[in-house]
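# A closer look at the structure
Below are the chains, spelled out letter by letter.
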Amino acid sequence: MSVVNVTTEELHEKLSKCIAGERVLIDHDGNRLSARIQHVGFAGVKVIPETDIKNSTREPGDVEGTMVPYEDIWELEVKGVVYSRLHEQA
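Quick look at the structure, then. (Residues numbered from 1 in each chain as written. Predicted model: local features only at pLDDT ≥ 70, side-chain atom pairs only at ≥ 80, totals over all residues. Heavy atoms only, no water.)

## Some details on the sheet that holds strand 7 (residues 81-84)
- As summarised here, the arrangement of the seven strands in space is 1-7-6-2-3-4-5, forming an open sheet in which the pairing is mixed. What marks the edges here is a single partner per strand, and that holds for strand 1 (2-5) and strand 5 (66-69). Across the sheet, the mean angle from the axis of one strand to that of its neighbour is 35 degrees, orientation sign disregarded.
- Bridge count between strand 2 (residues 23-28) and strand 6 (residues 73-78): four bridges; the pairing is antiparallel. Residue pairing for strand 6: R23 is matched across the bridge by E77.
- Packed on one face of the sheet, helix 1 (residues 8-16) meets strand 2, strand 3 (31-40), strand 6 and strand 7 and runs near 50 degrees to strand 6. (Pairing = 2+ DSSP bridges. Helix = DSSP H or I, 4+ residues; strand = E, 2+ residues; numbered from the N terminus. Axes fitted to C-alpha atoms, helices over the stretch in contact; angles between N-to-C directions. Contact = heavy atoms within 4.5 Å.)

## Overview of the nonpolar core
- With 17 residues, the main nonpolar core has L15, V24, I37 and I73 as its most contacted residues.
- Taken together, the elements giving at least two residues each to this core come down to helix 1, strand 2, strand 3, strand 4 (44-49), strand 6 and strand 7.
- It is strand 3 that provides the largest number of residues to this core, a total of three residues.
- Setting aside residues up to four positions removed in sequence, V24 forms contacts with L15, L33, S34, A35, I37, V47, I73, E75 and L76. (Core = buried A, V, L, I, M, F, W, Y, C linked by side-chain atoms within 4.5 Å. Buried < 20%, exposed > 50% of the residue type's maximum accessible area, 1.4 Å probe, protein only.)

## Points about the pattern of salt bridges
- Using the criterion set out here, one finds five salt bridges in the structure.
- Between R32 and D27 there is a salt bridge, with its nearest N and O atoms 3.1 Å apart.
- On the accessibility criterion, R32 (46% relative accessible area) is partly exposed.
- The structure contains a network of salt bridges with shared partners spanning R23, E75 and E77. (Salt bridge = Lys/Arg side-chain N within 4 Å of Asp/Glu carboxyl O.)

## Brief notes about the pairing of strand 2
- In terms of burial, strand 2 is largely enclosed, as five of its six residues are buried.
- When strand 2 meets strand 3, the two strands line up antiparallel, connected through six bridges. Counterpart to R23 in the pairing with strand 3 is R36.
- Hairpin geometry of strand 2 and strand 3 is characterised by an intervening segment of two residues between the two adjacent antiparallel strands and by a positive phi of about 55 degrees at D29.

See the structure below:
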């Protein structure tokens with residue numbers, strides 16, 4: 001897996017082209033979690049935390065996601081490539 005450092009704008013552009021199922025890393029108030037994209041919207045991304053998916057006993061389409069603003073997303077993984085803006089925190 002390779003990591004590509006991107007700017008916030010580049011990451012947001014890549015997110016806008018994503019389909020359901022792609023993995024993202026979210027940092028909200030210092031809490032980081034991995035999630036899967038359910039739907040990409042204008043103001044943010046609807047995601048399902050991977051822990052919710054792993055622990056769910058419901059049917060795949062029955063898990064309800066949570067809207068996350070674009071600025072809370074730090075990484076996007078697409079086809080083995082991780083697009084990361086974590087270098088911006090340094």
